[in-house]
Amino acid sequence: MDVVIRGRVVTPEAIIEDGWVAVKGGKIHAIGQGEVPDAASVHDTGNAFVLPGIIDGQTHAGSYLGLPGIEPTTRSAIAGGVTTIVDMPYDNPAPLSSAEHLEAKIAAVGQYAHCDVALYGTVMPGQPLDAVKVLADGGVVAFKISAFESSPTRFPRIDAGLTLDLLEALSVTDLPLGLHNEDQEIVRARIARARAAGENGIAAHSPSRPAAAELASTAHFLELAASAGAHAHIVHISTPRGFQLVDTYARDGFRATGELCVHYLWFDPEKHGAELGARMKVNPPIRPGQIDALWQELAEGRIAFVSSDHSSWPIDNKFTDSIFDAGAGVPGMETLLPAFYTVAAERGADAALMTAEYLAERPARFFGLYPRKGVLMPGADADITILAEEEDIWDSSRAEDGLRWSPYDVRRFTARVKATYHAGRLAYDGRTVLNTPGSGRYLRRGESTWFQEETGA
Ligand SMILES: [Zn+2]
């Protein structure tokens, strides 16, 4: 064996106390309990959890720096126990919608990435759909579109006609079509009204993009996908009603899923708005009084998985006179794991098992990466995260993303990442990122399919 890691080993079935994971040639060779096998080195983690490497199913590495943004984002991932990211297509200056862009992004992963990277693709308004097959053949794990124009060139709105065409093109595949779910007409009208009324603070953000805009967009998309027979995936839902809409379609036999970002479980504009202002601005907005009900959606199994929606915006992007001019999105890569674990533990859940399920196994299955990723079992990649139950007050000045700000600053986590193994090698020792840019690999979509495995069909 190259290395044996001792600790509380978290497998899908159970936590193996006094367990070990033996690694050889970058893969997990064996898992056991008690006496450890011979190895070149033994890493005794004491009482820490030995988790499958975390998979962040929603990141925006290139929205500000372009493809070189992969370096700080994946460096932050490794320090946060995240060994695979699934990156959104909205790179600066243009999104991933062509074979040339895919090739360039794969090359950038080879040059910059500290962790493994799977990719979303997209299409531009008016673009012929032959690109869909080209990108699918190139290994993208999903597609994403937006019902709302954040930027005409980088993050455009896709209208209903093209959305239906795209869903029909994807219906014969396992590739989900992710949606940024906000109705453009409602949001633009409400923002104009709020501006005219002189509103400019975070309290005006949620009402300016009301739940009605989010839910109507969600429902419209679910129906288009049901008609096309495609997999509709809502990439962030801010209210329980959104997950219940998705669940209605799923129970009717359609391929529909919804994803939750961890900040919706942490922040409330009524509690944190005065302190954070634009530092908690995300779209769809974090709404007042939703945390308990969103946790209930998770506990009752209506959420596919949990992600960070990490956005690598510099803080300058948030210093605007009006909330409507501030950038949307927050850094969250390095806080995803401790933030989720902390919430789960506070709610009395078996936090380690739930973390392995919602932050590793489920996203791996969802993006066709399972069982190579997302689970500790022989034959899987030796991507392993060591997490200790230990109080930690978050301080973004020590984060590896280089951004020096976070909505989680001074918030208390009850777990801390002590080490990260990527492909069998120690990539983070609890203080320093040890691996080099280019250690990460591009991951093509593999064989696992969410719905067949979920239903056993
Ligand atoms: Zn996002």
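Located above this text is the structure these notes cover.
A.B. asks: Got a minute to help me understand the packing of aromatic side chains in this structure?
C.D. replies: Two descriptors summarise a pair of aromatic rings, namely the distance from one centre to the other and the angle between the planes of the rings. Across all of its chains, the model carries 15 aromatic pairs by this definition. Between Tyr-90 and Phe-155 the ring centres are 3.6 Å apart and the planes differ by 10 degrees, which places this aromatic pair in the stacked class. Taken together, the residues span a long stretch of sequence, with Tyr-90 in the loop between β6 (82–87) and α2 (99–112) and Phe-155 in the loop between β8 (142–146) and α4 (160–170) at a distance of 65 residues. Taken as a pair, Tyr-90 and Phe-155 share a single burial class, namely buried. With a centroid separation of 5.8 Å and 50 degrees between ring planes, the pair formed by Tyr-408 and Phe-413 is classed as tilted. Residue Tyr-408 shares its accessibility class with Phe-413, and that shared class is buried. Put simply, the rings of Tyr-120, Phe-305, Phe-366, Phe-367 and Trp-450 touch in pairs and so form one group of aromatic residues.

A.B. asks: Explanation requested: the coordination of the zinc ion in the structure shown.
C.D. replies: On the protein side, the zinc ion has Gln-58 (OE1), His-60 (NE2) and Asp-309 (OD) as donor atoms, found 2.0 to 2.2 Å from it. All donor residues of the zinc ion come from one chain, and their arrangement in sequence is Q-x1-H-x248-D. For the residue pair Gln-58 and His-60, the accessibility class agrees, reading buried in each case.

A.B. asks: Is there a simple way to explain the pairing of strand β16 (residues 425–428) in this structure?
C.D. replies: In summary, the side chains of a regular strand alternate between the two faces of the sheet. Here strand β15 (residues 412–422) pairs with β16 via three bridges, running antiparallel. Bridge pairing in β16 links Thr-420 to Tyr-428. Between the end of β15 and the start of β16, which pair antiparallel, lie two residues, with Ala-423 showing a positive phi angle near 50 degrees.

A.B. asks: Looking at this structure, how should I read the packing of α4 against helix α7 (residues 211–228)?
C.D. replies: Between two packed helices, the angle of one axis relative to the other and the distance separating the axes together describe the packing. Packing of α4 against α7 brings their axes to within 9 Å, and their N-to-C directions diverge by 40 degrees. Here α4 is positioned oblique relative to α7, judged by the angle of their axes. In this structure, α4 meets α7 at a crossing whose hand is right-handed. Residues Ala-160, Thr-163, Leu-164, Leu-167 and Glu-168 of α4 pack against His-220, Phe-221, Leu-224, Ala-225 and Ala-228 of α7. Considered class by class, the residues forming the contact of α4 with α7 number seven nonpolar, two polar and one charged.

A.B. asks: Explain the layout of surface pockets to me, please; I cannot follow it from the model alone.
C.D. replies: Take a probe with the size of a water molecule and roll it over the atoms, and the empty space left behind shows itself. Of the voids in this model, the largest pocket is the one considered here, and its volume is about 530 Å³. Every residue lining the largest pocket is counted, 28 residues in all, and those nearest its centre are Ser-150, Asn-283, Trp-313, Gly-327 and Ala-328. If you list the elements that add at least two residues to the lining of the largest pocket, you get β5 (54–60), α5 (184–196) and α6 (205–208).

Scoring rules and cut-offs
Counting from 1, residues in each chain are numbered in the order their sequence is written. Local features in this predicted model are restricted to residues of pLDDT 70 or higher, and side-chain atom pairs are both shown and tallied only at a pLDDT of 80 or more, whereas totals for entire chains, interfaces and linings draw on every residue. Based on all heavy atoms of the structure, the side-chain values leave hydrogens and waters out of the count. Under the pairing criterion, centres of Phe, Tyr and Trp rings, with the six-membered ring standing for Trp, must be within 6.5 Å; the plane angle then separates stacked pairs below 30 degrees from edge-to-face pairs above 60, leaving the rest tilted. For the purposes of this entry, the term helix denotes a DSSP run of H or I that reaches at least four residues, the term strand denotes a run of E that reaches at least two, and both are numbered from the N terminus. Note on classification: 1.4 Å probe, protein chains only; a residue is buried when its accessible area is under 20% of the maximum for its type, exposed when over 50%, partly exposed between these limits. Metal coordination here is assigned from N, O and S atoms located within 2.8 Å of the ion, or within 3.2 Å for Na, K and Ca; omission of water means that sites may look incomplete. When DSSP finds two or more bridges between a pair of strands, those strands are recorded as paired. Where helices are involved, their axes are fitted lines through C-alpha atoms of the stretch in contact, as for all axes, and angles between N-to-C directions lie from 0 to 180°. With respect to orientation, any angle under 35 degrees is reported as roughly parallel, any angle over 145 as roughly antiparallel, any angle of 65 to 115 as roughly perpendicular, and every other angle as oblique. With the far helix as reference, a near helix turned anticlockwise by less than a right angle produces a left-handed crossing, and one turned clockwise produces a right-handed crossing. Contacts: residue pairs with any heavy atoms within 4.5 Å of one another. Residues were grouped as follows: Ala, Val, Leu, Ile, Met, Phe, Trp, Tyr, Cys and Pro as nonpolar; Asp, Glu, Lys and Arg as charged; and all remaining residues, including Gly, as polar. As defined here, a cavity is a set of points on a 1 Å grid over the protein atoms alone where a 1.4 Å probe fits but cannot get out. A pocket is an open set with protein on both sides within 12 Å along at least five of seven lines, and residues line them when an atom is within 4 Å of a point. Grid points are joined across faces, edges and corners, and a volume is the space filled by probe spheres set on the points.

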